[in-house]
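# Working through the structure, step by step
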Amino acid sequence: MDKPTMLTYIYSEQAKMLSILDQYPLNIDKALNKMPKDVNKILVLATGSSYNAALSSKYYFEKITNIQMEIQEPYNYSHYEKIDKHIDAVIGISQSGQSTATIEALKKVKQDHPVFSIGVTSLPKTEISEETDTILDILIGREHVGYVTLGFTATVLNMMLLAIRIAAVNHVITSEQELHEIQDLKKLALNIDNVINKTESFIKQHIDSLTKATQFTSIAYGPSVGTCSEMATKFSEVVRVPSQGFELEAFMHGPYLEVNKDHYIFFIETNSQKSIYEKELSLKTYEKKYVSNLYTINFREETSEDEKQLDLINIEDEYKVPFISSTVFQLLAWYISKSKGIDLSKLIFTDFSTAVHNKTVPQKYV
């Protein structure tokens, strides 16, 4: 059997997400065992792609549960933050289960303010399980490629499922609403291969230009800001040119000044409030005067003849878009890196974890 690649895991996303959904709610109920009923505020500790996954699910989580979610970078949290006594539960996300900063931050919370804790990971028997009351297994096993894709999408989905089940158990939503949400997520999961096919066709059309880029920026609003954050992480990891992701308004307060004719910009468009969408359109119209390489990733019903607009599926609930939108940027990152001649199977900085201790043990990747 050939060694798996980043693309191998992207191609497996639809089947894996459907499998996760088929195991609802049994897997989620294990993680929620003994969770208090009166939770009003949850702290999430995560870094890197785990942080981006938390951010991608945050607005959906808050909307459906009526619970406030605070996301913190664990290293800074351990060393500088004051623990909020209003936190009712804590979630530590680490796909490997061995992220040193996340584990240390969980220890700090436990010592100072003991609350119910859940570890979210693909490897339940790792160190994170020693610092949490329960484990939410994201049900994908070990991802043998360091540039996580499948695990990211699975984490977003599992966080959304966690939200649905909390809302149902606490009677914030009815059993009928719970079923509707699950069915809606299944419909999206069934469209992942379609998104992959459309994105690959789009990339094939534009790959020569994309390969020449020396700087990438993505811009979004609302729930899709997590997608922008993950785009920046993934492009930095594998395309290895300066890459940034911005919330719409934040881009307008300074970063717009760095735009130049060689800049490549991706806008993510979703079914938001009319005023937000119009503001995004005004920014895009303005930037088109200065940027020729401006692309749109569209999850709205309205399509365009613009060859630089990728029209995907119309997702009525913008809060669910982050479940599948990062797959687009995972594919872009993979194909651009291949076109640039970057061999991702050749590991670089292999002594990094040993030198800086970002993991409890050095990670082994193919």
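Before any of the text, the structure's been laid out above.
This report concerns the structure included in the present document. (Residues numbered from 1 in each chain as written. Predicted model: local features only at pLDDT ≥ 70, side-chain atom pairs only at ≥ 80, totals over all residues. Heavy atoms only, no water.)

Below, the discussion takes up the overall build of the protein. The helix and strand tally for the protein stands at 14 helices and 10 strands. The C-alpha radius of gyration computed for the protein amounts to 20 Å, which stays within 12% of the reference 21 Å derived for 366 residues, consistent with globular compactness. When its C-alpha atoms are laid out on the principal axes, the protein stretches across 55 × 50 × 45 Å. Each of the 366 residues in the protein was classed as buried or not, and the buried ones make up 56%. Accessible area of the protein: about 16400 Å², with a carbon and sulfur share of 51%. Computed over 37 positive and 47 negative side-chain charges, the separation of the two mean positions in the protein equals 4 Å. (Helix = DSSP H or I, 4+ residues; strand = E, 2+ residues; numbered from the N terminus. Rg over C-alpha atoms; globule rule 2.2 N^0.38 Å. Buried < 20%, exposed > 50% of the residue type's maximum accessible area, 1.4 Å probe, protein only. Areas by Shrake-Rupley, 256 points an atom, 1.4 Å probe, with all protein chains shown as cover. Lys, Arg positive; Asp, Glu negative; His and termini not counted. Charge placed at Lys NZ, Arg CZ, Asp CG, Glu CD.)

Another point: the pairing of strand β6 (residues 216–220). In terms of burial, β6 is largely enclosed, as 5 of its 5 residues are buried. Neither face of β6 is left uncovered, since the one carrying Phe216, Ser218 and Ala220 and the one carrying Thr217 and Ile219 both have all their residues buried. For the segment spanning β6, helix α10 (residues 225–238) and strand β7 (residues 243–247), crossover handedness is right-handed. Both β6 and strand β8 (residues 264–269) contribute to a ladder of 4 bridges, which runs parallel. Across the sheet, the residue bridging to Thr217 is Ile265, located in β8. (Right-handed = clockwise from strand over helix to strand, strands pointing away. Pairing = 2+ DSSP bridges.)

Here we take up the pattern of salt bridges. Under the defined criterion, the tally for this structure stands at 21 salt bridges. Where Glu70 meets Lys41, a salt bridge forms, and the shortest distance between an N and an O atom there is 3.5 Å. Of the two residues, Glu70 is situated in strand β2 (residues 68–72) and Lys41 in strand β1 (residues 41–45); the sequence distance between them amounts to 29 residues. As a salt-bridge pair, Lys41 and Asp84 come within 2.4 Å of each other at their nearest N and O atoms. In this pair, Lys41 is assigned in strand β1 and Asp84 in the loop between α5 (74–79) and β3 (89–93), connecting sequence segments 43 residues apart. For Lys41, a relative accessible area of 13% corresponds to the buried category. Several salt bridges share partner residues, and in doing so they unite Lys63, Glu181, Asp184, Asp317 and Lys320 into one network. (Salt bridge = Lys/Arg side-chain N within 4 Å of Asp/Glu carboxyl O.)

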